[in-house]
Structures are given as C-alpha cells and as structure tokens.
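# Understanding the architecture of this molecule
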Amino acid sequence: MGQLGRTQKSQAASEKKLKAYACELEQKLEARTRELAEALEQQTATADVLGIISSSPGELEPVFQAMLENATRLCEAKFGTLYLCEGDALRTIAMYGAPAAFAEAR
C-alpha cells in the first residue's frame with residue numbers, strides 16, 4: 001500500500017507541473033498573439049499612409065490627417081492633434097476626434 005501512495009503522490013506532482021507548464025505556454029501564446037495583432041495593425045496603418053502619399057502627391061494635409069488618425073487609433077487615444085514646429089512657434093496642422101471646444105481653442 002505504501003508504494004501505491006507514493007505513486008499517486010508522484011503522479012499528482014507530475015500533473016501539477018504539467019498544468020503549470022500548460023498555463024505558462026498559454027500565457028506566452030496570448031502574448032505572441034497580441035504582439036502579432038499589434039504588428040499587423042501598425043503595418044496596415046503604414047500601408048494606409050503610403051497609399052495616401054502616392055494618391056495625393058504634393059498635398060501634405062491628407063498625409064498628415066491619415067498619420068494622425070492612425071496614430072490616434074494605435075495609441076487608443078480619444079483624440080489627437082498634430083503640430084508643426086515653425087521657428088519658435090507651433091502650428092496645428094491636423095486634428096482627429098478633438099472635442100469642439102478644444103478644436104475651437106486651437
């Protein structure tokens with residue numbers, strides 16, 4: 001009977017280790033899946049901006065707007081503002097999803 005008890009304890013310990021390993025693998029898989037989704041989202045945003053650049057040569061406003069929209073989405077922000085530094089001053093060149101009061105103040 002003593003041998004049977006040790007075997008059961010050994011089997012229980014092995015099962016515990018396997019469950020821990022499976023949990024660790026699942027967490028790693030979830031992390032890689034998130035990383036892959038983020039990389040795909042960034043590549044899609046880049047493709048969008050490059051498409052706008054090629055379809056509107058010489059026009060910067062649509063390019064800036066697309067860049068800001070994608071950056072706002074990727075950062076999960078509520079809104080975004082893109083400024084251009086001109087000497088000592090900043091000029092708003094694009095806004096996305098900004099509240100009306102904020103937009104008017106700019």
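Quantities reported herein were computed from a predicted structural model and do not represent experimental measurements.

## Looking at unusual backbone geometry
In the Ramachandran plot, glutamate 76 falls in the positive-phi region, its phi being about 55 degrees despite a non-glycine side chain. Residue class for glutamate 76 comes out exposed when judged on its relative accessible area of 73%.

## Digging into the pairing of strand β1 (residues 80–86)
Regular strands have side chains that alternate between both faces of the sheet. In this sheet, strand β2 (residues 89–96) lies alongside β1 in antiparallel orientation, the contact comprising seven bridges. Paired with leucine 84 across the two strands is arginine 91, which belongs to β2. Between β1 and β2, which pair antiparallel in sequence order, lie two residues; one of them, glycine 87, sits at a positive phi of approximately 65 degrees.

## Examining the pattern of salt bridges
For the coordinates displayed, the defined rule picks out four salt bridges. Notably, a salt bridge pairs lysine 28 with glutamate 24, separated by 3.3 Å at the nearest N-O pair. With lysine 28 and glutamate 24 both in helix α1 (residues 2–55) and four residues apart, the pair spans about one turn of that helix. Residue glutamate 24 is classed as partly exposed on the basis of its relative accessible area of 36%. Residue glutamate 35 pairs with arginine 32 through a salt bridge whose shortest N-O separation is 3.4 Å. You can see glutamate 35 and its partner arginine 32 sitting in helix α1, three residues apart, about one turn around the helix. Judged by relative accessible area, which is 46%, glutamate 35 ranks as partly exposed. Judged by relative accessible area, arginine 32 falls into the partly exposed class, the value being 48%.

## Brief notes about the side chain of serine 56
Mapped onto the fold, serine 56 is located in the loop between α1 and α2 (61–74). For serine 56, a relative accessible area of 9% gives the class buried. Once you skip the residues sitting within four places of it in the chain, serine 56 turns out to touch Pro62 and Val63.

## Regarding the packing of aromatic side chains
Think of a pair of aromatic rings as described by two things: how far the centres are apart, and how the planes are tilted against each other in angle. One pass over the full model with this rule turns up one aromatic pair. Both rings, one in phenylalanine 79 and one in phenylalanine 102, keep their centres 5.0 Å apart while their planes meet at 55 degrees; by these two values the pair is tilted. With a gap of 23 residues between them, phenylalanine 79 in the loop between α2 and β1 and phenylalanine 102 in helix α3 (residues 100–105) connect regions that are remote in the sequence. Given a relative accessible area of 32%, phenylalanine 79 falls into the partly exposed group. Taking relative accessible area as the criterion, phenylalanine 102 reaches 22% and is therefore assigned partly exposed.

Analysis parameters
Residues numbered from 1 in each chain as written. Predicted model: local features only at pLDDT ≥ 70, side-chain atom pairs only at ≥ 80, totals over all residues. Heavy atoms only, no water. Buried < 20%, exposed > 50% of the residue type's maximum accessible area, 1.4 Å probe, protein only. Pairing = 2+ DSSP bridges. Helix = DSSP H or I, 4+ residues; strand = E, 2+ residues; numbered from the N terminus. Salt bridge = Lys/Arg side-chain N within 4 Å of Asp/Glu carboxyl O. Contact = heavy atoms within 4.5 Å. Phe/Tyr/Trp six-rings, centres within 6.5 Å; stacked < 30°, edge-to-face > 60°.

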